[in-house]
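Listed here are the chains, written in short residue letters.
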Amino acid sequence: MAFWDGMRRNRADQFASGNAAANAIELTKRNPSVSLTKQGAATGNLRVNLSWRMRTSDIGGKTRRSGSLLRRPLKFFQPELVQAHTQGVVNVDLDLGCLYELVDGTKGVVQPLGSFFGNLNAPPYVQLSGDDRFGAPSGETIYVNLDHREAIKRLLVFVYIYDQTPAFDRTHAVVTLFPSNGPRIEIELDEHAPQARSCAVLTVEDVKGDLVVRREVKFVYGFQAELDRLYGWGLQWGRGYKTRA
């Protein structure tokens, strides 16, 4: 067997494994859903984390970047974030939120805007850890108490850009779910929607007794009210503001 044949087969095995080496399930358009029930993770706390970092700027295009590499070949080996310091990074504040609907008909939102941080041990059994405005490595995290899953009808986890330049296409954002059992679940916001301000990332819903996480990744050009209309939540929305950091 030739060396290159071995390389090709190893790469194919890697892609077919679903990133098993990293102990993660990536939800994609082709594989959009996973059952928490089937992997024994429909109880305990489900941790939902948003993290992001800025991409390098596209200013100047490929030709300009190629010329720069010819003049400074060592720059090719610099990490992407180091290069970003000299290429005009857009300031962006991504926020994580969750629309919830309980079995008793109660509906609402958990999000930093308006300080709706929720409650983990009482309705809605969803709680936000805090507001990260700077893209820290820890990001923002929502906790869902699945020991009370019988009280939860459906959840919609979303991400929005607060009051700044729309720049989803300039961020590398990932929402990662850490169930109480089994591999983590990753959803990348990898579609180009440069003018979008909000993105419906995933739903969590009981489907005939099976607790299912489904990838959505639907970008909209408005805020929470537009996501509400898209998924039929029926809440009343008003303009909100944050206090200065």
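Rules of the game
Residues numbered from 1 in each chain as written. Predicted model: local features only at pLDDT ≥ 70, side-chain atom pairs only at ≥ 80, totals over all residues. Heavy atoms only, no water. Phe/Tyr/Trp six-rings, centres within 6.5 Å; stacked < 30°, edge-to-face > 60°. Helix = DSSP H or I, 4+ residues; strand = E, 2+ residues; numbered from the N terminus. Lys NZ or Arg CZ within 6 Å of the ring centre and 35° of its normal. Salt bridge = Lys/Arg side-chain N within 4 Å of Asp/Glu carboxyl O. Buried < 20%, exposed > 50% of the residue type's maximum accessible area, 1.4 Å probe, protein only. Pairing = 2+ DSSP bridges.

A. Region of the structure containing the packing of aromatic side chains. Inspection of every chain in the model, using the stated rule, returns two aromatic pairs. Taken together, a centroid distance of 5.1 Å and an interplanar angle of 70° make the contact between F168 and F219 edge-to-face. Separated by 51 residues along the polypeptide, F168 in the loop between β9 (152-161) and β10 (171-178) and F219 in strand β13 (residues 210-220) bring together distant segments of the chain. In this arrangement the basic side chain of R154 is found over the ring face of W233, its NZ or CZ atom lying 3.7 Å from the centre.

B. Spatial organisation of the pattern of salt bridges. Taken as a whole and assessed by the stated rule, the structure comprises six salt bridges. With its nearest N and O atoms 2.6 Å apart, the salt bridge here joins E101 to R154. Residue E101 is located in strand β4 (residues 94-102), and its partner R154 is located in strand β9; the two are separated by 53 residues in the primary sequence. The buried category is assigned to E101, whose relative accessible area is 8%. Residues joined in a network through salt bridges with shared partners are E101, K153 and R154.

C. A look at the pairing of β10. Where burial is concerned, most of β10 is hidden: six out of the eight residues are buried. As defined by bridge partners, β10 adjoins strand β11 (residues 184-188) across four bridges and the pair is classed as antiparallel. Pairing of T176 across the sheet is with E186, part of β11. Adjacent in sequence and paired antiparallel, β10 and β11 are bridged by five residues, among which G182 carries a positive phi angle near 90°.

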